[in-house]
Amino acid sequence: MRFDEIARDLVHTASRLLRGRIVNIMDTSGVIVASTDAHRIGTTHDGAREVVRTGRPVAIEKSDVARYPGAREGYNLPVFSDNRLTAVVGVYGNPEEVRDSAYILQAYTEQFFRQKAMVRQSRISDGLRADYLRILMNLSAGGGERLAELAGALDLKLDFPVRMLAFSVRGAENSLTRQQLLSRVAEELQSQRLVDPERDVWAVIEDKLLVLKSGGDGNYLLRAHACAEDAAAASVQLCAGHLCASEEEARTSGGEALTLGEKGECGVFDITDPECRFAYLMRRAAEREEEFVGRMYRELGERFSGRELETMLATAAAYYETGGSVTKAAEALHVHKNTLQYRMRRLWEAVCPGVGGSFEREFLLRLCILYHRQLRLRTPLIQS
């Protein structure tokens, strides 16, 4: 936002604060850039020029107006930012009567500009962090030099080992809402010191909050997840890639976190957990062999109707998620054990006829289950 746009926003609010008094904001050349008296915008105020020259207040009495072309009676004060005079503010009226109002306006204006500068700096930093993570995730020749430049601009000092975390908010109505909630999560993580601006990099990219986290103790993921759910007031998924010792490895860690995120469920998913590692490898296998898995799935579709296929694959999912326990899976599905075993035999015969090994059958069926779930979510199996 330009200086004159900020000044226009400011004068109307300030006039209400000062009970409707006429207020002006001048730039360092003495030109009125914003005023509650619109006819004066763009004119030169000689009293403001003197404030700029001296850095001191200028009170203009009625009898003094002729000495200050373009000015009227009132009280004018310098506005400083980082010890640099950046603007002049003035309040119209008898100087003795409006002096206090002018000092209120000065303080308000300095605070207003300070906040705008902080917001502007924050947006710049947000952009730099997002650039850093995008380049990191697509590291190529020359990318390392650009990362070093961005790290310098952010005053970033990664403390290896690092790992990539991916936060997602579930249940939000649209992408904009999800991004707003994730921004709130990022702020709360900083507030709780779970993200360190000097050692970590974070950014909301599309519908995920990515955090390249330095170190972190064994309970970090659980604490970060709880903090995120409190901030978003919604269910959150947190996926974590492996700890790595270099920026090159961090790209792989990011890929792991994003792949785990395709699971779609809420909670904490850590690649170092054996079950999560297995789920990650299954998804990678499905990505690499999408054509093969799709052909298997279509063959199942030829054997079973749509509703029957849904039932059969739900049965297989329950069976494998309970560690191959017929009793537990049957209880979860509210069916008889014989029914569950019958369904599993039909699936094995359809997907892998003649294969007796339990690992081979589970591997092929899990790929079909994964493919089926991806189709239901209407998301591509291979993410671009």
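Parameters at a glance
- Residues numbered from 1 in each chain as written.
- Predicted model: local features only at pLDDT ≥ 70, side-chain atom pairs only at ≥ 80, totals over all residues.
- Heavy atoms only, no water.
- Helix = DSSP H or I, 4+ residues; strand = E, 2+ residues; numbered from the N terminus.
- Rg over C-alpha atoms; globule rule 2.2 N^0.38 Å.
- Areas by Shrake-Rupley, 256 points an atom, 1.4 Å probe, with all protein chains shown as cover.
- Lys, Arg positive; Asp, Glu negative; His and termini not counted.
- Charge placed at Lys NZ, Arg CZ, Asp CG, Glu CD.
- Pairing = 2+ DSSP bridges.
- Axes fitted to C-alpha atoms, helices over the stretch in contact; angles between N-to-C directions.
- Contact = heavy atoms within 4.5 Å.
- Salt bridge = Lys/Arg side-chain N within 4 Å of Asp/Glu carboxyl O.
- Buried < 20%, exposed > 50% of the residue type's maximum accessible area, 1.4 Å probe, protein only.
- Expected span 1.5 Å × (residues − 1).
- Arc of directions from axis to C-beta.
- Polar contact = N/O pair within 3.5 Å; in protein donor to acceptor, adjacent residues only side chain to side chain.
- Core = buried A, V, L, I, M, F, W, Y, C linked by side-chain atoms within 4.5 Å.
- Phe/Tyr/Trp six-rings, centres within 6.5 Å; stacked < 30°, edge-to-face > 60°.
- Lys NZ or Arg CZ within 6 Å of the ring centre and 35° of its normal.

Caption draft 1: Region of interest: the overall build of the chain. Scanning the chain for helices and strands turns up 13 helices and 10 strands. In summary, the chain has a C-alpha radius of gyration of 32 Å against a globular reference of 21 Å for 384 residues, an excess of more than 25%. For the chain, the spread of C-alpha atoms along the principal axes amounts to about 105 × 40 × 35 Å. Only carbon and sulfur atoms are counted for the fraction: they give 48% of the accessible area of the chain, which is about 20600 Å². In the chain, 51 side chains carry a positive charge and 54 a negative one; their mean positions are 3 Å apart.

Caption draft 2: Fine view of the sheet that holds strand S2 (residues 32–35). Sheet architecture is open: five strands sit in the order S2-S1-S5-S4-S3, paired in antiparallel fashion. If you trace the sheet from one side to the other, it starts and ends with S2 and strand S3 (58–60), each paired once. Ignoring which end each strand starts from, the neighbouring axes of this sheet average 25° apart. Sheet strands in contact with helix H1 (residues 3–17) are strand S1 (23–26), S2 and strand S5 (84–92), and its direction is about 35° off that of S2. Across the sheet, helix H3 (residues 95–137) lies against S1, S3, strand S4 (74–81) and S5, angled at about 20° from S4, the strand it touches most.

Caption draft 3: Structural context of the sheet that holds strand S9 (residues 236–240). Strand order across the open sheet formed by five strands is S7-S8-S6-S9-S10, with mixed pairing between neighbours. Looking at the sheet topology across the chains shown, the edges are occupied by strand S7 (201–205) and strand S10 (267–270). Taken pair by pair, the neighbouring strands of this sheet meet at an average axis angle of 15°, ignoring direction. Relative to S9, strand S6 (residues 162–169) is paired through five bridges, and the arrangement is antiparallel. Note that in S9 the partner of alanine 166 across the bridge is cysteine 239. Helix-sheet contacts for helix H5 (residues 175–191) involve S6, S7 and strand S8 (208–214), and the interaxial angle to S6 is about 135°.

Caption draft 4: Structural view of the pattern of salt bridges. Taken as a whole and judged by the stated rule, the model has 16 salt bridges. Here lysine 213 makes a salt bridge to aspartate 200, at a shortest N to O gap of 3.0 Å. Of this pair, lysine 213 sits in strand S8 while aspartate 200 sits in the loop between H5 and S7, placing them 13 residues apart in sequence. We note that lysine 213, like aspartate 200, is buried.

Caption draft 5: Spatial organisation of H5. Over its 17 residues, H5 runs 24 Å from end to end, which matches the ideal 24 Å to within 8%, given 1.5 Å per residue. The set of residues buried in H5 consists of Leu181, Leu182, Val185, Ala186 and Leu189. End-on view of H5: buried residues confined to an arc of 150°, all on one side of the axis. Residues of H5 that are exposed and point over 90 degrees away from its buried face: Leu176, Glu187 and Ser191. For H5, the side-chain oxygen to backbone nitrogen distance between the N-cap and leucine 176 is 3.2 Å, and the N-cap itself is asparagine 174.

Caption draft 6: Main features of the nonpolar core. Counting 33 residues, the largest nonpolar core has Leu300, Tyr319, Met344, Leu347 and Leu365 as its most contacted members. Breaking this core down by element, the ones donating at least two residues are helix H8 (274–288), helix H9 (290–303), helix H10 (306–321), helix H11 (326–333), helix H12 (337–351) and helix H13 (358–377). No other element matches the eight residues that H10 contributes to this core. Counting residues in hydrophobic clusters, the runner-up holds 29 residues, among them Ala203, Ala250, Ile271 and Cys276.

Caption draft 7: The pairing of S7, seen in detail. With four of five residues buried, S7 lies mostly within the body of the structure. The pairing of S7 with S8 spans five bridges and is antiparallel. Paired with valine 201 across the two strands is leucine 212, which belongs to S8. Taking the residues that link successive antiparallel strands as the turn, the S7-S8 hairpin has two residues, and the phi of glutamate 206 there is positive, at about 55°.

Caption draft 8: Structural detail: the packing of aromatic side chains. Per the stated rule, a full pass over the model turns up six aromatic pairs. Residues tyrosine 108 and phenylalanine 112 carry aromatic rings whose centres are separated by 6.2 Å and whose planes lie at 40° to one another, so their mutual orientation is tilted. Of this pair, tyrosine 108 and phenylalanine 112 are both found in helix H3, four residues apart, which corresponds to roughly one turn of the helix. Ring centres of phenylalanine 359 and phenylalanine 363 lie 6.2 Å apart, and the angle between their planes is 20°; this geometry places the pair in the stacked category. With phenylalanine 359 and phenylalanine 363 both in helix H13 and four residues apart, the pair spans about one turn of that helix. According to the relative accessible area criterion, phenylalanine 363 is partly exposed, its value standing at 30%. We note arginine 129 situated over the ring of tryptophan 202; from NZ or CZ to the ring centre the distance is 4.0 Å. Cation over ring: arginine 361 sits above tryptophan 348, and NZ or CZ is 3.8 Å from the ring centre.

Caption draft 9: Highlighting unusual backbone geometry. The step from phenylalanine 160 to proline 161 runs through a cis peptide bond, and the omega angle for that step is 5°. Here aspartate 155, not a glycine, exhibits a phi torsion of approximately 55°, which is positive. Here aspartate 155 lies in the loop between helix H4 (143–154) and S6.

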